Amino acid sequence: MKRPIAISDSANFYVSAERIFDPSLKNVPVIVLSNNDGCAVARSDEAKALGIKMGEPLHLIRHKIEAHGVRVFSSNYTLYGDISRRVVEVYEDFTPNVEIYSIDECFLDFGGFNNRTEHARAMRSAVLRRIGVPVRVGIAPTKTLAKCANDIAKKNPIFAGVLDMMDDTLADWLLPMVPVGDIWGIGRRTEVKLHGLGIRTAAELRDMPIRQARALGTVVLERTVLELQGEPCIAFDDVEPQRKGMAVTRSSGTPMTDFDTLFQAITAHATRAAEKLRQHGLVAGTLTVFFHTNRHRPDRPQYSGSRSTRMMPMSSDTFDLIGAARRCAQAAWPKGQAGPFGFTKAGVMLDDLLRMEDRPLTLFDVPKIKSQALMAALDQVNDRFGKKTMVLASEGMKRSWKLRSDHHSPRYTTRLSDLPVVR
């Protein structure tokens, strides 16, 4: 028996999350912007109908915004993350195994349910009733086919948001309608190669000879073909795999022209990276700092700097990471070059991550009891009273480098002062 795998994703998730607490947004065009209020990264159906494209810069669509009354929001990741968590809690009431794929998508184990379509519809209703976010569900014997089913359910209202494609006959009917470029894992270059062979639909890719698929796109394309044929090649992970690396990067609201301002931003990124390590019970073995100017302004002086260092011993201590980050930033800072440079993006990346208990010990590795207690107290204060309640002095007070966020909505579910008030 084939194991039914479902994927449920939220419709226009960032927009849907904003609409939960603001009924005036219903049935009007809404867009959510990327970091620094740069580009449209989420669009309501009404905004899509106006021709606003994914990733379109804000300054190029201002005329549409003004002409059609488009509501504009800055990204509110605190709100979106909490709404995503709440949606997953509903999923867990309908299946014992949930694999979180992204902030708005989850794979679900639908094995053992007799009427999968009705079960999925009940789950959709529960998410809408309890959270307020509309979701669509695709069901199939493999993850790739489930993604296809989900995409078809999105675009065809006849399925009412749920498509069970466990039946091969149904797959034979629907896959010829799916463009090959819409298949999960097929990138632009692979799509062009497949078009050169006359393969333009999911059905044609499914029928591609396995050896030819491997020759054209290595084992990745071979696996996709097998998945389209109904043979599971991508495992269902109901246990989250251990992270191998992480990064905290941000664009700057204003160009950073001096080292102190740049290092304030790097301190904030290293602090956040350390918090994330401790949340996952991990330590880092390698730290990398990078920063660069605006590559889209060739009329301005350009510079890109990056340095890495080993963490000896491996650590998740905020002070250890900031100390290493400062050494990297100083080593990468431009010396004796024409300037001044206006750095618009900086970040901290951590690699070689291990669980705290699995880290290799050095000869002089003495547990830092006071430091561990200090980090625990720092996390507890910021968890209780809000992020950035307590920060290191090197992060600065004015924070001129902070992202632009001129259209930010309240953090309705995670900050007491932002709780919605019913009058």
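Residue positions are given per chain, counted from 1 along the sequence in the order it is written. Only residues with pLDDT of at least 70 are given local features in this predicted model, and only at 80 or more are side-chain atom pairs given and counted; all residues enter the totals for whole chains, interfaces and linings. Calculation of side-chain values draws on the structure's entire complement of heavy atoms; hydrogens and water are dropped beforehand.

Going by the annotation in an unreviewed UniProt entry, the name recorded for the chain is DNA-directed DNA polymerase, with Sulfitobacter brevis given as the source organism. UniProt positions are given in the numbering used here, feature names are shortened, and annotations may be inferred rather than shown by experiment. Entered under Sequence similarities (unreviewed entry) in the UniProt record, the comment concerning the chain runs "Belongs to the DNA polymerase type-Y family." Check the Catalytic activity (unreviewed entry) section of the UniProt entry for the chain; it says "DNA(n) + a 2'-deoxyribonucleoside 5'-triphosphate = DNA(n+1) + diphosphate".

## Looking at the overall build of the chain
Counting from the N terminus, the helices are DSSP H or I runs at least four residues long and the strands are E runs at least two residues long. The helix and strand tally for the chain stands at 13 helices and 13 strands. The atom set for the radius of gyration is the C-alpha atoms, and the globule formula is 2.2 Å times the number of residues raised to the power 0.38. By the compact-globule yardstick of 22 Å for 423 residues, the chain fits well, its C-alpha radius of gyration being 24 Å. Considered along the principal axes of its C-alpha atoms, the chain spans approximately 65 × 60 × 50 Å. For the chain, the residues scored as buried account for 45% of the 423 residues in total. We call two residues in contact whenever any of their non-hydrogen atoms come within 4.5 Å of each other. Long-range contacts, defined as pairs at least 24 residues apart, comprise 68% of the intrachain contacts of the chain with a sequence gap of at least 6. Distance from the positive charge centre (59 side chains) to the negative charge centre (48 side chains) of the chain: 6 Å. In this scheme, a residue with accessible area under 20% of its type's maximum is buried, one over 50% is exposed, and one in between is partly exposed, where area comes from a 1.4 Å probe on protein chains only. When charges are tallied, Lys and Arg are placed among the positive residues and Asp and Glu among the negative ones, while His and the ends of the chain are skipped. By convention, charge coordinates are those of NZ in Lys, CZ in Arg, CG in Asp, or CD in Glu.

## Brief notes about the UniProt feature "domain: UmuC" (unreviewed entry) in the chain
The sites that carry the UniProt feature "domain: UmuC" (unreviewed entry) are, in the present numbering, residues 5–187. What you have in residues 5–187 is 38% helix and 20% strand, and the ends, taken at the C-alpha atoms, are 23 Å apart.

## Notes on helix H12 (residues 318–332)
In this model, H12 (15 residues) spans 21 Å end to end at C-alpha, consistent with the 21 Å of a helix rising 1.5 Å per residue. Within H12 the residues assigned to the buried category are Thr318, Leu321, Ile322, Ala324, Ala325, Cys328, Ala329 and Ala332. Buried residues along H12 cover an arc of 165° about the axis, so they all sit on one side. In protein, a polar contact means a hydrogen-donor-capable atom and an acceptor-capable atom, both N or O and within 3.5 Å, with residues adjacent in sequence counting only if both atoms are side-chain atoms; elsewhere, any N or O pair within 3.5 Å suffices. Sitting at the head of H12, Asp317 places a side-chain oxygen 2.7 Å from the backbone nitrogen of Phe319. To estimate how far a helix should extend, the number of its residues minus one is multiplied by 1.5 Å. Here, the arc refers to the directions that run from the helix axis to the C-beta atoms.

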